[in-house]
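The primary structure of each chain is shown beneath.
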Amino acid sequence: MISRLAGILIEKRGPSVVIDCQGVGYEVEVPMTTMWSLPNVDEKVILLTHLIIRDDAHLLFGFATQDERKLFRDLIKVSGIGAKVALAILSGIETDEFVRCVHENNTSRLTALPGIGKKTAERLIVEMRDRVADWAPPEVTASVTRAPTAADAVGDAVSGLIALGYKPPEASRLVLDLETAEKSSEEIIREILKSLA
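Residues numbered from 1 in each chain as written. Predicted model: local features only at pLDDT ≥ 70, side-chain atom pairs only at ≥ 80, totals over all residues. Heavy atoms only, no water.

Asks: Which residues make up the side chain of aspartate 74, and what are the values?
Replies: As for its position among the elements, aspartate 74 is in helix α2 (residues 66-75). Given a relative accessible area of 8%, aspartate 74 falls into the buried group. Each residue touching aspartate 74, except ones within four places of it in the same chain, is listed here: Met128 and Arg131. (Helix = DSSP H or I, 4+ residues; strand = E, 2+ residues; numbered from the N terminus. Buried < 20%, exposed > 50% of the residue type's maximum accessible area, 1.4 Å probe, protein only. Contact = heavy atoms within 4.5 Å.)

Here it is as structure tokens:
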């Protein structure tokens, strides 16, 4: 199992990055929340990883924090949630907000995520409740209010483009190609659609 990568970031193009580790380039798929925390190309980077081995491929997923990796590992244990859907969930919602949604049975927020319908959201809440029980008690998470972050706007913009019919990798690429600092998700989507018109 490859648990951690430390090297030089040589390519950053959502939803994947390439990290050079002593001459070996590892292609790693990352959620948007991790993507926006990465340094510039040609700088040092450390990612926590999870390796999935299939008959036709070895897939490496990278995360900026222990919480992101733990949530990813818990999500792929849920019936009907594969690695791609788990990555899309992490791209569209911060880990603490996801935990709060589970504690509060907030299916409406979960169904706003790409690839998550009402039944899947309900199954996520039921199957994830025990797994996130030790993260933070409901009364604490319910009382925490958090200012929107750049990752929120980016995740919402990607979700919005997917809702408009773009495929997840294409939606991620379009958002990554745009300077998104201090822009709302609506402004990001508007600029992308204008540039494509």
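That shown, we press on.
Asks: Just give me the short version of the packing of helix α4 (residues 95-103) against helix α6 (residues 118-128), but keep the residues and values in it.
Replies: The N-to-C vectors of α4 and α6 enclose an angle of 90°; their axes lie 9 Å apart at closest approach. Judged by the angle between their axes, α4 and α6 are roughly perpendicular. Residues Phe98, Cys101 and Val102 of α4 touch α6, and the partners they reach there are Leu124, Ile125 and Met128. Grouping the constituent residues of the contact of α4 with α6 by class yields six nonpolar, no polar and no charged. (Axes fitted to C-alpha atoms, helices over the stretch in contact; angles between N-to-C directions. Parallel < 35°, antiparallel > 145°, perpendicular 65-115°, else oblique. Nonpolar A, V, L, I, M, F, W, Y, C, P; charged D, E, K, R; others polar.)

Asks: Requested: an account of the packing of aromatic side chains, with residues and values cited.
Replies: Within the structure shown, the criterion is met by two aromatic pairs. Relative to phenylalanine 72, the ring of phenylalanine 61 lies with its centre 5.1 Å away and its plane at 35°, an arrangement referred to as tilted. You can see phenylalanine 61 sitting in strand β5 (residues 58-63) and its partner phenylalanine 72 sitting in helix α2, a full eleven residues away along the chain. Taken as a pair, phenylalanine 61 and phenylalanine 72 share a single burial class, namely buried. A centroid spacing of 5.0 Å and a plane angle of 45° characterise the contact between phenylalanine 63 and phenylalanine 72, whose relative ring orientation is tilted. Residue class for phenylalanine 72 comes out buried when judged on its relative accessible area of 0%. Here the aromatic residues Phe61, Phe63 and Phe72 are joined through ring pairs into a cluster of three or more. (Phe/Tyr/Trp six-rings, centres within 6.5 Å; stacked < 30°, edge-to-face > 60°.)

Asks: Got a sec to walk through the nonpolar core? Specific residues and values, please.
Replies: In terms of nonpolar packing, the biggest core is built from 27 residues, with Phe72, Leu75, Phe98, Leu110, Leu124 and Met128 touching the most fellow members. Listed by contribution, the elements that provide at least two residues to this core are β5, α2, α3 (83-92), α4 and α6. When residues of this core are assigned to their parent elements, the largest contribution, five residues, is made by α3. Setting aside chain neighbours within four positions, we find leucine 75 in contact with Ile81, Ala86, Ile89, Phe98, Leu124 and Met128. (Core = buried A, V, L, I, M, F, W, Y, C linked by side-chain atoms within 4.5 Å.)

Asks: With reference to specific residues and values, describe helix α9 (residues 168-176).
Replies: Along α9, the residues classified as buried are Ala171, Ser172, Leu174 and Val175. Down the axis of α9, the smallest arc covering the buried residues is 165°, so these residues share one side. (Arc of directions from axis to C-beta.)

Asks: Give me the lowdown on the pairing of strand β2 (residues 16-21), citing residues and values where you can.
Replies: Remember that side chains alternate between the two faces of the sheet whenever the strand is regular. Among the six residues of β2, five are classified as buried, and the element is accordingly described as predominantly covered. Counted between consecutive antiparallel strands, the loop separating strand β1 (residues 4-13) from β2 contains two residues. Across six bridges, β2 lies against strand β3 (residues 24-29) in antiparallel orientation. Its bridge partner lying in β3, valine 17 is registered against valine 28. Between β2 and β3, which pair antiparallel one after the other, the connecting turn spans two residues, and glutamine 22 there sits at a positive phi close to 55°. (Pairing = 2+ DSSP bridges.)

Asks: I'd like to hear about α2, residue by residue, with values.
Replies: Among the residues making up α2, those that are buried are Glu68, Arg69, Leu71, Phe72, Asp74 and Leu75. Elements that come into contact with the buried residues of α2 comprise α1 (32-35), β4 (44-53), β5, α3, α4 and α6.

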